[in-house]
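Descriptive structure summary
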Amino acid sequence: VHEHKDLLEKLGVDVPRHAKMMEMGFESYKNQFMSQENRPEAMKYFNWFMSEMQGQRIAEINKLRENKKPAIGAFCIFVPEELIVAAGGACFGLCGGSPATIADAETELPRNICPLIKSAHGFKLQKTCAYTQSSDFIYGETTCEAKKKTWEILGKHHPVKVMNIPHMKREKDLKLWKEELVEFKEHLEEITEEKLSLEQMKEGVKIVNAKREALQRLDRLRSMNPDIIPISGKDGLFITQMGFLDDPIRYTQKVNELCDELEKRVEDKISVFEKQTPRLMVLGTPFAPPNWKLHTAVETSGGAIVNEESCIGHRYYKDNVDLDNVQDEDTLMQKLLDKYSAVDCACFTPNAPRIDKVLKMYKDRKLDGVIYYTLSFCHTYNVEAHLVTQALENEGIPCLVIESDYSPEDAGQIKTRVEAFLESI
Ligand code: BJ8
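The sections below set out a description of the structure shown in this document. Counting restarts for each chain, with residues numbered from 1 along the sequence as it is written. Totals for whole chains, interfaces and linings use all residues, but because this is a predicted model, local features are given only for residues with pLDDT of at least 70 and pairs of side-chain atoms are given and counted only at 80 or more. Water and hydrogen atoms play no part in the side-chain values, which are based on all heavy atoms of the structure.

Let's shift gears to the overall build of the chain. Check the secondary structure of the chain and you find 19 helices and 8 strands. Taken over the C-alpha trace, the chain has a radius of gyration of 21 Å; the compact-globule value for 425 residues is 22 Å, and the two agree within 12%. Its C-alpha atoms put the chain at 60 × 50 × 45 Å along the principal axes. Relative accessible area decides the class of each residue, using a 1.4 Å probe on protein chains only: under 20% of the type maximum gives buried, over 50% gives exposed, and in between gives partly exposed. Counting across all 425 residues of the chain, residues that qualify as buried make up 58%. A sequence separation of at least 24 residues applies to 76% of the contacts in the chain between residues at least 6 apart. To measure how exposed things are, a 1.4 Å probe is used in the Shrake-Rupley method; for residues, cover is taken only from the protein chains shown. Total accessible area on the chain stands at roughly 17,800 Å², and carbon and sulfur atoms take up 51% of it. Here a strand is any run of E in DSSP of at least two residues, a helix any run of H or I of at least four, and the numbering for each starts at the N terminus. For a compact globule the rule gives 2.2 Å times the number of residues to the power 0.38, and the radius of gyration it is set against comes from C-alpha atoms. Contacts are assigned to residue pairs that have any heavy atoms within 4.5 Å of one another.

And the structure:
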């Protein structure tokens, strides 16, 4: 990061404060990740990326910008990254997982809204996220009340555009959504000053499909072998988190290299957990880095997390864009829409496919229990917990519900509840 001080200054980053935050992040990574035993060799790349995510990666993104390629910051998996990649640019998730920016955010936002939004807003006010500072615009969406109203305030500090995501999936809603996809493409063309061709868009789709396929492979290796867990849930989560920042081609290659090693581990019966360790799936809201609290609590209490049914997880990579018979732009937009409208975010009503999917995931993976995790004040996921947990109960599936924010204060209490849950299953 020091090497890139000039660039960070040019981007308007508050360099001393940023350095302090990075130091805290590295310390926390060292304590929670590097201390794990028997990590796969291929995690070395992700250690390196951790050390360069606010350094070299920022330099790479700004190199693209020098060549009029778009750099778009996002907070949601509805942002069609395929189109950004097609335009030769970078799509990245913005910082929003730290409690250290929340007090600043509360100077403009109410206290009782979701910590993800407050943290992200605080990063902009503090100027401590080099990704936010590098983005041509932030692409917000109308998924939840707190987000859509925050964009109006965030827009005072940074260019923001908003995608109108409908809350139902009727034909008329999907028609509007498709128009939003076309409009997004036009926003990108304003930056590149060139029309995106069909071939470029197909190439963008192929690159992102390959990335999702690598993550699907990682998911299978983590969760489909009941006796062998070749990598910790914490590492699995961290890898997925980095997928929202890294260059997609390099990242795909590195995830596949890791999967090759994990395949070998499964063959050789090398597990990072003892036999009989309860294998859990986490459902719910996204885990923006450095929000590793739940995974740490579970994996220091005798359990293992083998899948996240979350947007930093399965919801992100579960579906690919089908490129069969795509001969024109309209069909391509339709295929993108088919993929994105299959996202089962709790912002939709009704959202029954999510419940069927959760039950199927649980059975396919032969798991031992579920943790339903919601960020505080996330009303959609919190309310939806009722129907999901009822369906789990009907099937006799053990489930623990946890609502938490980013503060470290409840870490002990969460650990106690997790320990009691693990004992009961
Ligand atoms: S597709 S889950 S990434 S909206 S910000 S809804 S936690 S109160 S993030 Fe999300 Fe897209 Fe849906 Fe996924 Fe709740 Fe917080 Fe809102 Fe949140």
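Let us look at the sheet that holds strand E8 (residues 399–404). Two orientations exist for strands paired in a sheet by backbone hydrogen bonds: parallel and antiparallel. Strand pairing is defined by DSSP finding a minimum of two bridges between the two strands. With parallel pairing, the 4 strands of this open sheet are ordered in space as E6-E5-E7-E8. Looking at strand neighbours, the two that pair on one side only are strand E6 (304–309) and E8, the edges of this open sheet. The mean angle between the axes of side-by-side strands here comes to 25 degrees, regardless of whether they run parallel or antiparallel. Where strand E5 (residues 279–284) meets E6, 5 bridges bridge the pair, whose relative direction is parallel. Its bridge partner lying in E6, Arg279 is registered against Ala304. Interaxial angles span 0 to 180 degrees and are taken between N-to-C directions of axes, which are lines fitted to C-alpha atoms, for helices over the stretch in contact.

Here a residue is near a molecule or strand as soon as one of its heavy atoms is found within 4 Å of it. Near the ligand you find 16 residues, and of these Cys76, Cys144, Cys311, Cys345 and Cys378 are the closest. Classifying every residue of the shell around the ligand gives 13 nonpolar, 2 polar and 1 charged. Residue-level mapping places the shell around the ligand at the junction of two domains, with at least three residues from each of domain 1 (2–194) and domain 2 (203–320 + 345–424). Here the term charged refers only to Asp, Glu, Lys and Arg, the term nonpolar to Ala, Val, Leu, Ile, Met, Phe, Trp, Tyr, Cys and Pro, and the term polar to all other amino acids, Gly among them. The domain limits used here are those given by an automatic or database domain assignment.

For the rest of this paragraph, the subject is the sheet that holds strand E1 (residues 71–74). The strand order E2-E1-E3-E4 describes an open sheet built from 4 strands, whose pairing is parallel. One side of each edge strand has no neighbouring strand; the edge strands of this open sheet are strand E2 (90–93) and strand E4 (160–163). Mean inter-strand twist for the sheet, computed between neighbouring axes without regard to direction, equals 30 degrees. Summarising the sheet, E1 and E2 pair through 4 bridges and their orientation is parallel. When the sheet's bridge partners are listed, Gly73 is paired in E2 with Phe92. Lying over the sheet, helix H9 (residues 145–154) contacts strand E3 (137–141) and E4, oriented at roughly 155 degrees with respect to E3.

Glancing now at helix H12 (residues 233–242). Two residues of an α-helix separated by three or four positions point the same way, owing to the 3.6 residues in each turn. In terms of burial, H12 is a largely internal element, 10 of the 10 residues being buried. Those residues of H12 that fall on the buried side of the exposure criterion are Gly233, Lys234, Asp235, Gly236, Leu237, Phe238, Ile239, Thr240, Gln241 and Met242.

Definition used in this section: a nonpolar core is a set of buried Ala, Val, Leu, Ile, Met, Phe, Trp, Tyr and Cys residues joined via side-chain atoms within 4.5 Å. Formed by 137 residues in total, the largest nonpolar core has its most connected members in Phe78 and Tyr131. For this core, the leading source of residues is helix H11 (residues 198–223), giving 8 residues. The two domains that each donate at least three residues to this core are domain 1 (2–194) and domain 2 (203–320 + 345–424). Setting aside residues up to four positions removed in sequence, Tyr131 forms contacts with Phe49, Met53, Gln54, Arg57, Ile58, Ile61, Phe92, Gly93, Leu94 and Leu245.

Bringing the environment of Glu409 into the picture now. Note that Glu409 resides in the loop between E8 and helix H19 (411–424). The exposed category is assigned to Glu409, whose relative accessible area is 67%. Put simply, Glu409 and Pro230 are 179 residues apart on the chain and 31 Å apart in space, counted from C-alpha to C-alpha.

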